[in-house]
Amino acid sequence: MDCGWQSHWSDSARFKLQPRRVAATTVATRVAEEMRCKVGEEVGYSIRFEDVTSAATRIKFLTDGMLLREALVDPLLSRYSVIMVDEAHERSLSTDILLGLLKKIRRKRPELRVVISSATLQAEDFLRFFAGDEVHSGGDGKESGSDVGRIISLEGRMYPVDILYLESPTEDYVERAVKTVFDIHTQEAEGDILVFLTGREEIESTVQMISERAAMLHPKAPALLPLPLYSGLTSEQQLYVFEPAPENTRKVIVSTNIAEASVTIDGIVYVVDCGFAKLRAYNPHTGIETLTAVPISKASATQRAGRAGRTKPGKCFRLYTQQSYEMLPETTVPEIQRSNLAPVVMQLKALGIDNVARFDFLTPPPAEQVIRALELLYSLGAVDDYAKLTKPLGLRMAELAVEPMMGKVLLSAPSFGCVSEILSIAAMVSLQGSVWVQHEGDRKATESARRKFAVEEGDHLTYLNVYQAFVTKGKKDPKWCRDHYLNYRSLLRAVSIRSQLKRYLERFGIQVDESLSSSHRQADLSKQPEQIRRCLTTGYFAHAARMQPDGTFKTVSGGLTLHAHPSSLMFNRKADWVIFHEILETGDKIFIRDITKIEKNWLLEYAPDYYRVS
DNA sequence: TGCGCTTTA
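Residues numbered from 1 in each chain as written. Chains lettered and ligands numbered in written order. Predicted model: local features only at pLDDT ≥ 70, side-chain atom pairs only at ≥ 80, totals over all residues. Heavy atoms only, no water.

If you look chain A up in an unreviewed UniProt entry, it shows as RNA helicase from Rasamsonia emersonii. Word for word, the UniProt comment on chain A under Catalytic activity (unreviewed entry) is "ATP + H2O = ADP + phosphate + H(+)". (UniProt positions renumbered as here; feature names shortened; annotations may be inferred.)

Draft legend 1. Local environment of the overall build of chain A. Looking only at helices and strands, one finds 22 helices and 18 strands in chain A. Overall, the C-alpha framework of chain A stretches about 70 × 70 × 50 Å when taken along its three principal axes. Here chain A holds 614 residues, and the buried ones make up 48% of them. A total accessible area of about 30,800 Å² is found for chain A, and carbon and sulfur atoms account for 51% of it. Distance between charge centres in chain A, computed from 77 positive and 78 negative side chains, equals 4 Å. (Helix = DSSP H or I, 4+ residues; strand = E, 2+ residues; numbered from the N terminus. Buried < 20%, exposed > 50% of the residue type's maximum accessible area, 1.4 Å probe, protein only. Areas by Shrake-Rupley, 256 points an atom, 1.4 Å probe, with all protein chains shown as cover. Lys, Arg positive; Asp, Glu negative; His and termini not counted. Charge placed at Lys NZ, Arg CZ, Asp CG, Glu CD.)

Draft legend 2. Examining helix 11 (residues 342-350) more closely. Of all the positions in helix 11, only A342, V344, V345, M346, L348 and K349 are classed as buried. Residues of helix 11 that are buried sit in contact with helix 4 (93-108), helix 12 (367-379), helix 13 (393-399) and helix 14 (404-416). One or two steps after helix 11, the chain reaches G352, where phi turns positive at roughly 90°. (Contact = heavy atoms within 4.5 Å.)

Draft legend 3. Fine view of the packing of helix 15 (residues 419-429) against helix 17 (residues 459-474). Where helix 15 meets helix 17, the closest approach of the two axes is 9 Å, and the angle between their N-to-C directions is 100°. Between helix 15 and helix 17, the crossing angle belongs to the class labelled roughly perpendicular. Contacts between helix 15 and helix 17 pair E421, S424, I425, M428 and V429 from the former with H460, Y463, L464, V466 and Y467 from the latter. Of the residues assigned to the contact of helix 15 with helix 17, the class counts are seven nonpolar, two polar and one charged. (Axes fitted to C-alpha atoms, helices over the stretch in contact; angles between N-to-C directions. Parallel < 35°, antiparallel > 145°, perpendicular 65-115°, else oblique. Nonpolar A, V, L, I, M, F, W, Y, C, P; charged D, E, K, R; others polar.)

Draft legend 4. Just the protein's contact with DNA strand B, in detail. Close to DNA strand B lie 35 residues, the nearest being R20, T63, S231, K278 and R593. By atom count, sugar and phosphate contribute 54% of the portion of DNA strand B lying within 4 Å of the protein. Contact distances for DNA strand B include 2.6 Å between a phosphate oxygen and a backbone N or O atom of S231. Separating a phosphate oxygen of DNA strand B from a side-chain N or O atom of T256 is a distance of 3.1 Å. Going through the elements one at a time, helix 2 (19-34), helix 3 (64-73), helix 7 (200-214), strand 11 (276-283), strand 17 (577-586) and strand 18 (589-597) are the ones with two or more residues in the surface near DNA strand B. (Near = heavy atom within 4 Å. Polar contact = N/O pair within 3.5 Å; in protein donor to acceptor, adjacent residues only side chain to side chain.)

Draft legend 5. Highlighting unusual backbone geometry. Omega for the bond connecting K391 with P392 falls within 30 degrees of zero, at 5°, which places this linkage in the cis form. The topology assignment puts P392 in the loop between helix 12 and helix 13. Positioned with a positive phi, F49 is a non-glycine residue whose angle comes to about 75°. Within the fold, F49 resides in the loop between strand 1 (43-47) and strand 2 (50-52). If you check the backbone angles, E87 has positive phi at about 55° while not being a glycine. Tracing the sequence through the fold places E87 in the loop between strand 4 (82-85) and helix 4. Residue E87 is classed as buried on the basis of its relative accessible area, which comes to 13%.

Draft legend 6. Layout of the sheet that holds strand 9 (residues 249-255). Spatially, the six strands line up as an open sheet ordered 6-13-10-7-9-8, and their pairing is parallel. Strand pairing shows two members of the sheet lacking a second neighbour, strand 6 (161-166) and strand 8 (223-229), which therefore form its edges. Going across the sheet, the axis of each strand differs from the next one's by a mean of 20°, ignoring polarity. In terms of strand pairing, strand 6 meets strand 13 (residues 314-321) through six bridges, oriented parallel. Bridge pairing in strand 13 links D162 to K315. The strands touched by helix 6 (residues 173-187) are strand 6, strand 7 (192-196), strand 8, strand 9, strand 10 (268-273) and strand 13; relative to strand 13, the strand with the most contacts, the crossing angle is about 150°. Contacting strand 6, strand 7, strand 10 and strand 13, helix 9 (residues 298-306) crosses the sheet at an angle of about 145° to strand 13. (Pairing = 2+ DSSP bridges.)

Draft legend 7. Local environment of the domain arrangement of chain A. Along its sequence, chain A is carved into domain 1 (14-120), domain 2 (161-330) and domain 3 (400-512 + 525-607). The distance between the C-alpha centroids of domain 2 and domain 3 comes to 35 Å. Taken together, the contacts link 14 residues of domain 2 with eleven residues of domain 3. Overall, the association of domain 2 and domain 3 removes approximately 950 Å² of surface from exposure, summing both partners, and the carbon and sulfur fraction of that is 53%. Interface area lost by domain 2 to domain 3 is led by I288, E289 and L291, which between them contribute 42%. Linking domain 2 with domain 3 are zero salt bridges. For the interface between domain 2 and domain 3, the tally reads two residue pairs in polar contact (both at pLDDT 80 or more). For the side of domain 2 that touches domain 3, the secondary structure elements donating two or more residues are helix 7, helix 8 (235-239) and strand 12 (288-295). Top contributing element to the side of domain 2 that touches domain 3 by residue count: strand 12, with five residues. (Domains from an automatic or database assignment. Buried area = accessible area lost by both parts, 1.4 Å probe. Salt bridge = Lys/Arg side-chain N within 4 Å of Asp/Glu carboxyl O.)

Draft legend 8. Focus on the pattern of salt bridges. The final tally for this structure, using the stated rule, is 28 salt bridges. Notably, a salt bridge pairs D183 with K179, separated by 3.0 Å at the nearest N-O pair. Taken together, the residues span about one helical turn, with D183 and K179 both in helix 6 at a distance of four residues. Accessibility expressed as a relative area gives 42% for K179, which makes it partly exposed. For R304, the salt bridge goes to E260, with nearest N and O atoms at 3.0 Å. With a gap of 44 residues between them, R304 in helix 9 and E260 in the loop between strand 9 and strand 10 connect regions that are remote in the sequence.

Here it is as structure tokens:
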């Protein structure tokens, strides 16, 4: 969408937390306006929880994830004659799957037009990907080769940006970034500054340093207003970066990668780029994701610099030498090559692609990662000995909008009599840690608020407790949430996710008895926690660990030392065997998150093959 | 013992 049009609608798009979803709705609104119709008539949009289309709809804007869901019921996407894939150069997981799928569909539906919008750098790759197929299939009937595709260039409205490098490398880019900000402030013409750093901690301390030093500026000199920007902030906190700075004040936005592509801020004239970003990587041997700061790609550096040239000519200060720039990789490794592929493999199989290894990926993921994913799906019972999706379990798991392990838990729930509770837990876990609000400098208050909801057995039951309290006390009362340090918007989202998951289960013919979950059924409550913990074990047996006397955990094989994440109840409690939702390596420690106590023999009971005693 | 880059169904 970076082809000059964006400025028209970014005004409404930029304020929201979910840029992809927002882009679909605002673009639809804009195009409907141009076509003088109402949204939902000739022009509509479709995003999770919201389908604003009708029989009259001719142009539909949707997220790529939504289109993949549609392909589950309409494998040839036969209702569309033209499909345009936007922002393809970002190479998100779902974009890559979609491109492979579209290429496959075009073999059966050559009349389908595919338009791919991408930064120029990668346009050739996309053309080669699709054209390669035309040439190949045109081998016996040459005529189909007549339309192999074209590259059309649309020049964006961009002002020139001067790039400046360091003459010698810096030891400490945070310190250097602060210095650069003040150099710009005292020596350059007016205009706001955008600083790219890697994470929350770095950003908060930089903001702190800038405001301390800014206080020492001459009282009559222009002021500096440093503002943090990262996804962990609430949307209210994010809003500040879009507000115009007060009179005689220059804004300095200190941001993660979120400002590189997802969020656009007008008025930026100077960019300071540290040259690093935190990226996810996945180790198929250990199944552990890492999250570490790595050098960015040239494409990324170009994108960052471009943020300075949106309103007038700008400058980009790179906190590295031109020599180090030359050594950067051209592009960032696509997500599909650095992710846990279990959800991808499951999705492809549900789309009828059984031989995932032979699927035509734009860039294939490492074979090891595919094998690892298949092993997990097999142990969950989602695929059979022939790696085919099982019926109904595997098929249903693929249809559910949750990861395979949680999908298995949801589908096991009826036999443990805890469907309602598991629905709430699944919804809460999918919020990915945004249940509690972050209060810097107020850790103790957050801690004690959290303790009020704590349940002895662990984080999952604590989530259930929070969810039940929210729907009875806090749903209509944002203040109740603030008082308890709970994220109101996140919890509302949990309610939507839960009702969507419930609809899926009901479509599978699973009855959801909501009366069991209400607090007046005290009699059931004593047995219920154990059933829930057993049920969780049926999906998360591969994520089991045992606490050591020193409070750390060891994996079942004993090879790895794990630490309870400080946000977990188990951070300062005793336990024996546990299962956990997530495992992540940051810095030099491996953390586990969302932890619940279990009994060792449950592992053998629910995963006899996985934990076979020889 | 002390904390996660982003996005979506």
